[in-house]
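So you can see what is in the structure, the chains are spelled out below.
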Amino acid sequence: MKTVVITGANSGLGFETAKKTAKNRDFRVILACRNMEKGKKAKEEIIRETGNENVAAMQLDTSSLKSVRAFAEKVIAQERKVNVLVNNAGIGGSAPSGLTEDGFDIVFATNHLGHFLLTLLLIPVMPDGAKIFSVSSDMHNPPGGIEWKGVEALAHPAEEDRNRYAASKLCNVYFIHELHRRLAAAGKKITANAFNPGFMADTNFSRGRGKEMEPRIRTQWPERIGDLAESSDALAKLVTEDTLAYISNAFFDRSTRAIFTSALSYNEENEKELWEASMRYTGLEEPAIK
Ligand SMILES: NC(=O)c1ccc[n+]([C@@H]2O[C@H](COP(=O)([O-])OP(=O)(O)OC[C@H]3O[C@@H](n4cnc5c(N)ncnc54)[C@H](OP(=O)(O)O)[C@@H]3O)[C@@H](O)[C@H]2O)c1
């Protein structure tokens, strides 16, 4: 039996991927949700629809380092191993400005920093063949482009940044590249990949404004359109199928097909800067991967 942890699994892509993964009885699925009422409802629905009783909901708020630590401790004590981690939870740039209880920008903390800490805390219980996915976006390279302002400017913004969502999704790609390098250097047989679901109008993302935004996206950026059913099919395949298990450091695009990302997303200096700052912010010590 393999254990899969999916963050933000009570709705949208996380929920559909959890459900499709649970259809395979070889998998136990942990729904990591910030709202336990929604988490329990999702768990019941997945058990009812799949007949797989091996589904659990557990509390996790990726914007809180304390919550991430508590969640990781509980998962390790309860499950002993994690075979697949899907870092999916995310919020859009239209989230109210403000800092988290740890003093970080809410989008940076929710989409990147909490997942950074969670991943590093769980790696010690990930066996050979384990897989890590970060749900990024083609918005890592938004229309009009993006400049890398440095990690400090993302974590502690001095002014409103209309690109903070895009920057957080670029951080997801940077994290995967650096994580892949460090896993290999530590001799770990664990893969790390990013996934782009494309624009999905049917999720609760952007405070449920997907349907309203869809006609404009279809007209202006048709190449960015995604589909919740197709993307969750692909992500569940990546999670469950062994044939894809050897691929690492890739960006899967709305499918099990990998593509190249923006030129900026391969900047190794920025990748290292993000890693080192995230280590400081989370209070972790090197070597983070032993
Ligand atoms: N929708 C799109 O067009 C699109 C395009 C590209 C990439 N993506 C990415 O796809 C991923 C999933 O988004 P979605 O479209 O499926 O949206 P969604 O339906 O809003 O799902 C997001 C999930 O993340 C959870 N979440 C938000 N903040 C959290 C926190 N602090 N701690 C724990 N969980 C948290 C949400 O929980 P609550 O229900 O409690 O809010 C929800 O379960 C995100 O990473 C997003 O960036 C989406």
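In what follows, the structure referred to is the one given above.
Not measured: the values here are computed from a predicted model.

Across its full length, the protein chain holds 10 helices and seven strands. Relative to the 2.2 N^0.38 estimate, which gives 19 Å for 290 residues, the radius of gyration of the protein chain is 17 Å and therefore close to what a compact globule would have. With 290 residues in all, the protein chain has 57% of them scored as buried. About 13,100 Å² of surface is accessible on the protein chain, with carbon and sulfur atoms providing 48% of the total. Between the mean site of the 38 positive side-chain charges and the mean site of the 38 negative ones, the protein chain shows a separation of 4 Å.

Once that is clear, we can look at the layout of surface pockets. Empty space within the second largest pocket amounts to approximately 160 Å³. In this structure, the second largest pocket is lined by Leu120, Leu121, Ile123, Pro124, Lys188, Leu284, Glu285, Pro287, Ala288, Ile289 and Lys290. Of the residues in the lining of the second largest pocket, the class split is eight nonpolar, no polar and three charged.

Among the secondary structure elements, Trp221 is positioned in the loop between α8 (210-220) and α9 (228-240). In this structure the C-alpha to C-alpha distance between Trp221 and Phe199, which are 22 residues apart in sequence, comes to 9.8 Å.

Here the focus is the sheet that holds strand β4 (residues 84-87). Strand order across the open sheet formed by seven strands is β3-β2-β1-β4-β5-β6-β7, with parallel pairing between neighbours. Edge positions in the sheet fall to β3 (55-59) and β7 (251-253), since each has one partner strand and no second. The average undirected angle you get between the axes of adjacent strands in this sheet is 20°. In this sheet, β7 lies alongside strand β6 (residues 190-196) in parallel orientation, the contact comprising three bridges. Bridge pairing links Phe195 to Phe252 in β7. Across the sheet, helix α4 (residues 106-122) touches β1 (2-7), β4 and β5 (130-135), and the angle it forms with β4 is around 175°. Across the sheet, α9 is in contact with β1, β2 (27-33), β4, β5, β6 and β7; its angle to β5 comes to roughly 155°.

At a closest axis distance of 8 Å, the pairing of α4 and helix α6 (residues 164-185) adopts a crossing angle of 15°. Comparing their axes, α6 and α4 come out roughly parallel. Once α4 is placed against α6, the crossing between them reads as right-handed. Residues Ile106, Val107, Phe108, Asn111, His112, His115, Phe116 and Thr119 of α4 lie in contact with α6, whose contacting residues are Arg164, Tyr165, Ser168, Lys169, Cys171, Asn172, Phe175 and Leu179.

Quick look at the site of the ligand now. Near the ligand you find 28 residues, and of these Ser11, Arg34, Asn88, Tyr165 and Thr203 are the closest. Between an oxygen atom of the ligand and a side-chain N or O atom of Asn10, the distance comes to 2.8 Å. Contact distances for the ligand include 3.4 Å between an oxygen atom and a backbone N or O atom of Gly90. Protein burial of the ligand: of its 890 Å² of free accessible surface, 94% is covered by the chains. Sorting the residues of the shell around the ligand by element identifies α1 (12-22) and α6 as the ones contributing at least two each. The residue inventory of the shell around the ligand, partitioned by class, reads 10 nonpolar, 14 polar and four charged.

Analysis parameters
- Residues numbered from 1 in each chain as written.
- Predicted model: local features only at pLDDT ≥ 70, side-chain atom pairs only at ≥ 80, totals over all residues.
- Heavy atoms only, no water.
- Helix = DSSP H or I, 4+ residues; strand = E, 2+ residues; numbered from the N terminus.
- Rg over C-alpha atoms; globule rule 2.2 N^0.38 Å.
- Buried < 20%, exposed > 50% of the residue type's maximum accessible area, 1.4 Å probe, protein only.
- Areas by Shrake-Rupley, 256 points an atom, 1.4 Å probe, with all protein chains shown as cover.
- Lys, Arg positive; Asp, Glu negative; His and termini not counted.
- Charge placed at Lys NZ, Arg CZ, Asp CG, Glu CD.
- 1 Å grid on protein atoms, 1.4 Å probe; cavity = no way out; pocket = protein on both sides within 12 Å on 5 of 7 lines; lining within 4 Å.
- Points joined across faces, edges and corners; volume = space filled by probe spheres on them.
- Nonpolar A, V, L, I, M, F, W, Y, C, P; charged D, E, K, R; others polar.
- Pairing = 2+ DSSP bridges.
- Axes fitted to C-alpha atoms, helices over the stretch in contact; angles between N-to-C directions.
- Contact = heavy atoms within 4.5 Å.
- Parallel < 35°, antiparallel > 145°, perpendicular 65-115°, else oblique.
- Left-handed = near helix turned anticlockwise from the far one by under 90°.
- Near = heavy atom within 4 Å.
- Polar contact = N/O pair within 3.5 Å; in protein donor to acceptor, adjacent residues only side chain to side chain.

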